[in-house]
Amino acid sequence: MSTKASVKTLVIKALSLFSTVRLYNISIIAIAQLLAAVFIIAPELSVKEIVLDYKLWLIILASAAAIAGGYIINNFYDREKDLINRPQKTMLENQVSRSTLWTVYFTVNAIAFILGLIVSWRAGLFFAAYIFAMWLYSHKIKRVLFVGNLTAALLAITPFFVLFMYYRNLYLVVFVHGSFLFLILAMRELIKDLENLRGDLAQNYHTIPVVLGEKASKRFYTLLTLLTIIPITALILYFNIGYMRYYFALIGGALLVCLPLLWSSRRKREYLLIHFILKIVIVGGVLSILLIDLPAIIERLQNFF
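Calculation notes
- Residues numbered from 1 in each chain as written.
- Predicted model: local features only at pLDDT ≥ 70, side-chain atom pairs only at ≥ 80, totals over all residues.
- Heavy atoms only, no water.
- Helix = DSSP H or I, 4+ residues; strand = E, 2+ residues; numbered from the N terminus.
- Buried < 20%, exposed > 50% of the residue type's maximum accessible area, 1.4 Å probe, protein only.
- Contact = heavy atoms within 4.5 Å.
- Areas by Shrake-Rupley, 256 points an atom, 1.4 Å probe, with all protein chains shown as cover.
- Patch = residues over 30% accessible without salt bridge, like charges linked within 9 Å, V, L, I, M, F, W, Y side chains within 5 Å.
- Salt bridge = Lys/Arg side-chain N within 4 Å of Asp/Glu carboxyl O.
- pLDDT = per-residue confidence, 0-100.
- Phe/Tyr/Trp six-rings, centres within 6.5 Å; stacked < 30°, edge-to-face > 60°.
- Core = buried A, V, L, I, M, F, W, Y, C linked by side-chain atoms within 4.5 Å.
- Axes fitted to C-alpha atoms, helices over the stretch in contact; angles between N-to-C directions.
- Parallel < 35°, antiparallel > 145°, perpendicular 65-115°, else oblique.
- Left-handed = near helix turned anticlockwise from the far one by under 90°.
- Nonpolar A, V, L, I, M, F, W, Y, C, P; charged D, E, K, R; others polar.
- UniProt positions renumbered as here; feature names shortened; annotations may be inferred.

**Focus on the overall build of the protein**
Okay, so step 1: When you go through the protein residue by residue, the secondary structure sums to 16 helices and zero strands.
Okay, so step 2: Every one of the 305 residues in the protein was classed for burial, and the buried ones make up 47%.
Okay, so step 3: Of the contacts made within the protein by residues no fewer than 6 positions apart, 78% connect residues no fewer than 24 positions apart.
Okay, so step 4: Carbon together with sulfur atoms contributes 71% to the accessible area of the protein, which is approximately 15300 Å² in total.

Structure, rendered in structure tokens:
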């Protein structure tokens, strides 16, 4: 094999691995953890204290490794279904052999556990439990009606709990933020089920669209949207979140506008549009953390530099 062909093969395998572990999603979660630590969970500490704390970076790296492992194991169990729902992406991800993926899976999980232990035995135990929970979800729970969707949303926000353990700060505003994110993620999981209806039917997954139908799924999505208005309203009216209230006001309106779009959707590409909007909501939520107390944040950053 020529050098040029070898490089091309290596690049394809790297892209395949990055696609499998959802590097983009992991990066967003890592940024969210850092911003949450600086501006929400430990606001009494200086930016310098937080950013120069090596244990925080170990937690972020351990979270990234554990989440990567979760994506890999999920890929194993969903491979046949994904070949139906997203064949091109799955063909790219299949460029890496299963034996290699197993090696990467056990390696990243070991890294997550060891980094957690360096932080504390509690953090090590947390990551061990998190890794097991993601395997159990991929192996069994995701096929269970309702429970699969809610578990997926819960696992997505679980990496933030280790920060609460580390800083030992349990503010009410954090739980309200968390409930908002949980509901958004549950909505996203439901839209993904609507997108993947064909593959789920073929593989006998007991998702809400498969068991109860598209109309019932849309009703459940509508209920989740209305429930999301509760933490949005609470955050705007009862908590000091600064300019971030404009984000929540905008998102509340956007979610309500999405409902007519949902009810008129019949094809996968229409569900993909709603899925994209929810991704924007999540990424916007991460970046809007900077707006909670903008003048104080600017002052803290100036003191840091």
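**Focus on the environment of Ile-184**
Okay, so step 1: If you trace the backbone, Ile-184 turns up in helix α10 (residues 172-195).
Okay, so step 2: Residue classification places Ile-184 among the buried positions, given a relative accessible area of 0%.
Okay, so step 3: Setting aside residues up to four positions removed in sequence, Ile-184 forms contacts with Thr-228, Leu-255, Val-281 and Ile-282.

**Structural notes on a nonpolar patch on the surface**
Okay, so step 1: Taken together, the side chains of Tyr-54, Phe-113, Ile-114, Leu-117, Ile-118, Trp-121 and Leu-125 make up a nonpolar region of the molecular surface, amounting to roughly 750 Å² of accessible area.
Okay, so step 2: Among the elements of the structure, α6 (98-119) and α7 (121-139) are those that each provide at least two residues to the nonpolar patch.
Okay, so step 3: Tallying contributions element by element places α6 first for the nonpolar patch, with four residues.
Okay, so step 4: Mapping Ile-118 onto the fold places it in helix α6.
Okay, so step 5: By relative accessible area, which is 45% here, Ile-118 ends up partly exposed.

**Some points on the confidence of the model for the protein**
Okay, so step 1: Taken over all residues, the pLDDT of the protein has a mean of 82, while the share at 70 or more is 83%.
Okay, so step 2: Looking across the protein, the model is least confident in helix α5 (residues 87-93), with a mean pLDDT of 57, and most confident in α7, with 92.

**Quick notes on the packing of aromatic side chains**
Okay, so step 1: Summed over all chains, the structure comprises 13 aromatic pairs.
Okay, so step 2: Seen from their ring centres, Phe-132 and Trp-135 are 5.7 Å apart, and the 35° between their planes marks the pair as tilted. Of this pair, Phe-132 and Trp-135 both sit in helix α7, separated by three residues, roughly a single helical turn.
Okay, so step 3: Residue Trp-135 is classed as partly exposed on the basis of its relative accessible area of 29%.

**Looking at the nonpolar core**
The nonpolar side chains of soluble globular proteins are, as a tendency, buried together.
Okay, so step 1: Counting residues in each nonpolar core, the largest one holds 78 residues, and the members touching the most others are Tyr-167, Phe-180, Ile-191, Tyr-221 and Phe-248.
Okay, so step 2: Not counting the four nearest positions on each side in its chain, Phe-248 is found in contact with His-177, Phe-180, Ile-232, Leu-235, Ile-236 and Ile-241.
Okay, so step 3: One finds Ile-72, Phe-76, Leu-101 and Tyr-105 within the second-largest nonpolar core, a separate group that totals five residues.

**A word on the packing of α7 against helix α8 (residues 147-157)**
Between two packed helices, both the angle of their axes relative to each other and the distance between the axes serve to describe the pair.
Okay, so step 1: Contact pair α7 / α8: the axes reach a minimum separation of 11 Å and the direction vectors enclose 150°. Taken together, the axes of α7 and α8 lie roughly antiparallel to each other. Between α7 and α8 the crossing geometry is left-handed. Contact residues: Tyr-130, Ala-133, Met-134 and Tyr-137 in α7; Gly-148, Thr-151, Ala-152 and Leu-155 in α8.
Okay, so step 2: For the contact of α7 with α8, the class distribution of residues is six nonpolar, two polar and no charged.

**What to know about the UniProt feature "transmembrane region" (unreviewed entry) in the protein**
Okay, so step 1: Mapped onto this numbering, the UniProt entry annotates "transmembrane region" (unreviewed entry) at residues 23-42, 54-73, 110-137, 144-164, 170-191, 220-240, 246-264 and 276-298.
Okay, so step 2: What you have in residues 144-164 is 71% helix and 0% strand, and the ends, taken at the C-alpha atoms, are 29 Å apart.
Okay, so step 3: A distance of 28 Å separates the end C-alpha atoms of residues 246-264, which is 100% helix and 0% strand.

**Let's talk about the environment of Tyr-137**
Okay, so step 1: By secondary structure assignment, the location of Tyr-137 is in helix α7.
Okay, so step 2: Considered as a pair, Tyr-137 and Leu-155 are 18 residues apart in the sequence and their alpha carbons are 9.0 Å apart.
Okay, so step 3: Not counting residues up to four positions away in its chain, the partners in contact with Tyr-137 are Asn-74, Lys-142, Gly-148, Thr-151, Ala-152, Leu-155 and Glu-189.

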